[in-house]
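Structure assessment
Here are the chains, one letter per residue:
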Amino acid sequence: MAAAAPPPSPTPAPSAPTGLSDSTPGGHPLFSRIRLATPLDIPYIQKLIHQLAVFEKLADLCTATESDLASTLFKSPPFHSFTIFLLEVSSRPFENDSAFHSQNFTPIERIINLDHSVSDPEAEAFANGINGDVVVAGFVLFFPSYSTFLGKPGFYVEDLFVRECYRRKGLGKMLLSAVASQAARMGYGRVEWAVLDWNANAIKFYEEMGANVLPERRICRLTGPALEAHRDAN
């Protein structure tokens, strides 16, 4: 599926300092965190994938089940194969959970100051029961690619999605920037993804992040019966 993202939005506030609970900003702060997903997150990921398919008007093509995801994801170390960054939000500072810290990736935390609190009609379905009022708000799935022209690996972003009530708050930019930052730190040459041609808001959003949208390229895909027809080609 093509990556989907919210329209352009303000840059998130700086990372939360140590001792944040003693210095909570005014207004309506939205505490946000990007962390590596784990197999325990598969129920949230499956729901997010379905919502992305509905957003892209491709729900009839979305057949992935939790079982499908469990059998294909989290089989390799992060960044060596399919990797998912999960976006979580909370009305309170996050607890320092060492389970989400690893040598591969340190969670990214930001505070976004809003004029109004967010009303989340699906808070219960996306609540992380382990961490109080923490709610899953989005995800990005990406995996390694390779550029023969650059002679360097890169990342390809398969899906980028933020739930509707959390859009236009800088969270989509936060997710995509996390992937780009990881690629740069690993010495990779590029990050690529696809965008639906009717999604003008997403195209503008990507361009403002510095991405080149390549109109001369088209996606070619073999799937279903067309793919199976090649099974015995050799």
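The text that follows walks through the structure, step by step, so that each part is easy to find. (Residues numbered from 1 in each chain as written. Predicted model: local features only at pLDDT ≥ 70, side-chain atom pairs only at ≥ 80, totals over all residues. Heavy atoms only, no water.)

Attention now goes to the overall build of the chain. Within the chain, the regular secondary structure consists of five helices and six strands. Helices and strands in the chain line up, N terminus first, as β-α-α-β-β-β-β-α-β-α-α. Counting over 234 residues, the chain shows a buried share of 39%. Taking the contacts inside the chain whose residues are at least 6 apart along the sequence as the reference set, 79% of them involve residues at least 24 apart. Put simply, the chain shows about 13,200 Å² of open surface, and 52% of that area lies on carbon and sulfur atoms. (Helix = DSSP H or I, 4+ residues; strand = E, 2+ residues; numbered from the N terminus. Buried < 20%, exposed > 50% of the residue type's maximum accessible area, 1.4 Å probe, protein only. Contact = heavy atoms within 4.5 Å. Areas by Shrake-Rupley, 256 points an atom, 1.4 Å probe, with all protein chains shown as cover.)

Turning our attention to the packing of aromatic side chains. In total, this model carries 13 aromatic pairs according to the counting rule given. For the pair phenylalanine 79 and phenylalanine 155, a centre-to-centre distance of 6.3 Å together with 45° between the ring planes defines the contact as tilted. Of this pair, phenylalanine 79 sits in the loop between helix H2 (66-72) and strand S2 (83-90) while phenylalanine 155 sits in strand S5 (residues 152-162), placing them 76 residues apart in sequence. Both residues of the pair, phenylalanine 79 and phenylalanine 155, belong to the buried class. Ring-pair connections join several aromatic residues into one group, and the members of that group are Phe79, Phe85, Phe105, Phe142, Phe155 and Tyr188. Between lysine 57 and the ring centre of tryptophan 198, over which it is positioned, the NZ or CZ distance is 4.7 Å. Stacked on the ring of phenylalanine 126, the Lys or Arg arginine 163 has its end atom at 4.2 Å from the ring centre. (Phe/Tyr/Trp six-rings, centres within 6.5 Å; stacked < 30°, edge-to-face > 60°. Lys NZ or Arg CZ within 6 Å of the ring centre and 35° of its normal.)

Unlike most non-glycine residues, phenylalanine 74 shows phi in positive territory, near 60°. For phenylalanine 74, the position within the fold is in the loop between H2 and S2.

This brings us to helix H1 (residues 42-55). Taking 1.5 Å per residue as the helical rise, H1 with its 14 residues ought to reach 20 Å, and the 20 Å between its terminal C-alpha atoms agrees with that figure. Residues Ile42, Tyr44, Ile45, Leu48, Ile49, Gln51, Leu52 and Ala53 constitute the buried set of H1. (Expected span 1.5 Å × (residues − 1).)

Between its first and last C-alpha atoms helix H3 (residues 171-185) spans 21 Å; for 15 residues at 1.5 Å apiece the expected length is 21 Å, and the two agree. Restricting attention to buried positions, one finds in H3 the residues Leu171, Gly172, Met174, Leu175, Leu176, Ala178, Val179, Gln182 and Ala183. Phi turns positive one or two residues past the end of H3, at glycine 187, with a value near 75°.

The sheet built from six strands is open, its strands ordered S3-S1-S2-S4-S5-S6 with mixed pairing. Of all strands in the sheet, those bounded by a partner on one side alone are strand S3 (108-114) and strand S6 (190-193). Taken over all neighbouring pairs, the strand axes of this sheet differ in orientation by 25° on average, direction set aside. As defined by bridge partners, strand S4 (residues 135-147) adjoins S5 across ten bridges and the pair is classed as antiparallel. Residue pairing across strands places phenylalanine 142 opposite valine 157, the latter belonging to S5. Sheet contacts for H3: strand S1 (28-36), S2, S3, S4, S5 and S6; angle to S5, the most-contacted strand, approximately 165°. (Pairing = 2+ DSSP bridges. Axes fitted to C-alpha atoms, helices over the stretch in contact; angles between N-to-C directions.)

In this section: the pairing of S5. What sits between S4 and S5 in their antiparallel hairpin is a turn of four residues, with glycine 151 showing a positive phi close to 65°. Sheet analysis places S5 next to S6, joined by four bridges and oriented parallel. Within S6, the residue paired with phenylalanine 155 across the bridge is valine 191. Handedness of the crossover joining S5 and S6 through H3 is recorded here as right-handed. (Right-handed = clockwise from strand over helix to strand, strands pointing away.)

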